[in-house]
Every structure is written in C-alpha cells, then in structure tokens.
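# Coordinates in review
Below are the chains, spelled out letter by letter.
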Amino acid sequence: MNSTDNNFNNDKRPKKLIVFDMDSTLIDAECIDELGEAAGAGDEISEITEQAMEGDIDYEDSLVKRVQLLKGTGFETAQEVIENLPLMPGAKELISYVKSLGYKTAMVSSGFTLATDYIGKVLDIDYVVSNELVIDNGCLTGEVRGPLTKQDSKEDVFEQIAQMNCVYAKDCIAVGDGANDICMFKKAGYSIAFNSKPILRQYANVVITRKDLRAIIPVIEALNMG
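A brief report on the enclosed structure follows. (Residues numbered from 1 in each chain as written. Predicted model: local features only at pLDDT ≥ 70, side-chain atom pairs only at ≥ 80, totals over all residues. Heavy atoms only, no water.)

### Considerations on the pattern of salt bridges
A side chain of one charge can pair with a side chain of the opposite charge when the charged atoms of the two come close. Under the definition given, this model contains 14 salt bridges. For lysine 99, the salt bridge goes to aspartate 126, with nearest N and O atoms at 3.0 Å. One end of the pair, lysine 99, is in helix α5 (residues 91-100); the other, aspartate 126, is in the loop between α6 (113-123) and β3 (127-136), with 27 residues separating them in the sequence. Among the ionic pairs, lysine 187 bridges to glutamate 159, the shortest N-O distance being 3.4 Å. Of the two residues, lysine 187 sits in helix α8 (residues 182-187) while glutamate 159 sits in helix α7 (residues 153-164), which places them 28 residues apart along the sequence. Exposure remark for lysine 187: the relative accessible area of 34% places this residue in the partly exposed category. (Salt bridge = Lys/Arg side-chain N within 4 Å of Asp/Glu carboxyl O. Helix = DSSP H or I, 4+ residues; strand = E, 2+ residues; numbered from the N terminus. Buried < 20%, exposed > 50% of the residue type's maximum accessible area, 1.4 Å probe, protein only.)

The structure is reproduced here in structure tokens:
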C-alpha cells in the first residue's frame, strides 16, 4: 500500500480504544464550511478553517469567528446541511472492522452536536463528544459552547474516555487530520494521520494520503499481530 508509511516502531500490544476526529476524517467535508455555504459566508469560513487546521492561527479564536458568521442561519437549513454530509469512503467498513476486533470507538470533534450525533448514530460510534451551536427562536445565535472549544481540549476528553474504559491513553489509537489533533497524537500510543495537513504528519506513526478509510485496516491488522 504505497500511500502508507508503515513505521511500526511503537509498542505493538493490541489497543482496544480508537478515537477519531470527524471533519475530513470520518466525513469527507468540514461541517462548519458546509454550514457557512448555507449561511452565505462559505469563502470566509473556509479560509479561517484552513488556517486553523494548518496551525497558522489560534484554534479557539478561529472557532469563535467562524461560528459568529453563522448567526441567523435557520435550524432547519442547518439540519438539511447535516443530513447531506458525505461519509468518508470506507468509514462504515473501518468502524465495523475495529468493532469486530473488540475495540471501543470514540469520535472527539470540535464540531457540533447537530452533526456529530447524526454521524455517530449512522456509524454506530460508542462515544461522541463535541460542541453545541446555540439556537434561539429557530436560528443559530452565532455562539458556541461545549467541552472542545480550546486548542488542546481534545486531549482532556480523550483521556477521560480512556479512563472510563480502564485503558491507558498510551494504549489507544488516534486518527485525525488537523493541528487540533496534535494533542491527542501526543498522548496516544499509536497515531494515524489520515488525509492530513502537513503539520500533523510529524506527530504520526503512520501517514495515509489515500482518501479511503479502508486503508487503515492493514495498519490495525499489523498492530494486532504484533
């Protein structure tokens, strides 16, 4: 598989918790960019998203700025956007595969419950943690709240889920694509940069450039054989 750098140099004991990002990882889109298109602010939001994922601007500030641009978007409009988000190719197959091996699955996303609850249900993810878009009188207020609004808040949530499952973070697998996944990659025992920004690749054990999550299956197989 020429798109994978198989550098299996870490502890190869079987890991039984795998934690995913959502945007550009389990789905082939950035949810906030898609919402931005519906709000008439697509180009501006997409530019900020790109800068945030590359690590060029502070993530917390970028999140606040982007959500503010969604103010006034109708809830029904936002819901229609969510229901049309495309899954990443191979998402269902990968989740089904890791579950067959006994893994617990988690989705830790700086995105929004409106999307993560829907995608989590479609993919049968065990744990879903994300932020919430504030809604008033049927419209988005331009505000966001939740446990994942800070730059490195994914690390805390990741460790909490591991503790709930009596698993050390170093015995878990993390899969993500952007700068805000670095904190998870530093904690996880094994990290997979999927469809990722260059900044994340230096923290990964494996880099997969092919946009098909089935490319991760041989990596998991090798880890479980070790």
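### Quick look at helix α3 (residues 59-68)
The complete set of buried residues in α3 reads Tyr59, Ser62, Leu63, Arg66 and Val67. In an axial view of α3, the angular spread of the buried residues amounts to 125°, which keeps them on one side of the axis. Tucked inside the fold, the buried residues of α3 contact α1 (31-39), α2 (42-53), β2 (104-112), β3 and β4 (139-145). (Arc of directions from axis to C-beta. Contact = heavy atoms within 4.5 Å.)

### A short note on the environment of methionine 53
Note on placement: methionine 53 falls in helix α2. For the pair methionine 53 and threonine 105, spaced 52 residues apart in sequence, the C-alpha to C-alpha distance is 23 Å. Discounting chain neighbours no more than four positions away, the residues touching methionine 53 are Tyr59, Gly178, Ala179, Asn180, Lys197 and Ile199.

### Section: the nonpolar core
A general tendency of soluble globular proteins is for nonpolar side chains to be buried together. Residues Leu35, Ile173, Ile192 and Ile216 are the most contacted members of the largest nonpolar core, which totals 50 residues. A total of five residues in this core trace back to one element, the largest contributor, which is α5. Leucine 35 has contacts with Leu70, Ala78, Val81, Ile82, Phe112 and Leu133, leaving out every residue within four places of it along the chain. Grouped together as the second largest cluster of nonpolar side chains are 22 residues, Leu17, Val108, Ala188 and Ala204 included. (Core = buried A, V, L, I, M, F, W, Y, C linked by side-chain atoms within 4.5 Å.)

### A short note on the pairing of β4
In this structure, β3 lies alongside β4, joined through four bridges in antiparallel fashion. From the neighbouring strand, leucine 133 faces β4, where its bridge partner is valine 144. Hairpin connection of β3 to β4: two residues between the antiparallel strands, including asparagine 137 at a positive phi of 55°. (Pairing = 2+ DSSP bridges.)

### Regarding the packing of α1 against helix α4 (residues 75-83)
Packed helix pairs are specified by the crossing angle of their axes together with the interaxial distance, meaning the distance between the axes. Two elements in contact, α1 and α4, have axes whose closest approach is 10 Å; the angle formed by their N-to-C orientations is 135°. Between α1 and α4, the angle is such that the two are oblique. Considering only the axes of α1 and α4, their crossing is right-handed. Only Thr77, Ala78, Val81 and Ile82 of α4 make contact with α1, whose side of the interface consists of Cys31, Glu34, Leu35 and Ala38. In terms of residue class, the contact of α1 with α4 is made up of six nonpolar, one polar and one charged. (Axes fitted to C-alpha atoms, helices over the stretch in contact; angles between N-to-C directions. Parallel < 35°, antiparallel > 145°, perpendicular 65-115°, else oblique. Left-handed = near helix turned anticlockwise from the far one by under 90°. Nonpolar A, V, L, I, M, F, W, Y, C, P; charged D, E, K, R; others polar.)

### A closer look at a negative patch on the surface
The grouping of Glu34, Glu37, Asp43, Glu44 and Glu47 at the surface amounts to a negative patch. Among the elements of the structure, α1 and α2 are those that each provide at least two residues to the negative patch. In terms of residue count, the dominant contributor to the negative patch is α2 (three residues). Among the secondary structure elements, aspartate 43 is positioned in helix α2. Given the relative accessible area of 66%, aspartate 43 is considered exposed. (Patch = residues over 30% accessible without salt bridge, like charges linked within 9 Å, V, L, I, M, F, W, Y side chains within 5 Å. Areas by Shrake-Rupley, 256 points an atom, 1.4 Å probe, with all protein chains shown as cover. Lys, Arg positive; Asp, Glu negative; His and termini not counted. Charge placed at Lys NZ, Arg CZ, Asp CG, Glu CD.)

### Quick word on the pairing of strand β6 (residues 190-194)
Where burial is concerned, most of β6 is hidden: five out of the five residues are buried. Here four bridges tie strand β5 (residues 173-176) to β6, and the two strands are oriented parallel to one another. Looking at β6, one finds that alanine 174 is bridged to serine 191. Since β5 and β6 lie parallel, the crossover through α8 that links them has a hand, and here it is right-handed. Pairing between β6 and strand β7 (residues 206-208): three bridges, direction parallel. Opposite alanine 193, over in β7, you have valine 207 as the bridge partner. (Right-handed = clockwise from strand over helix to strand, strands pointing away.)

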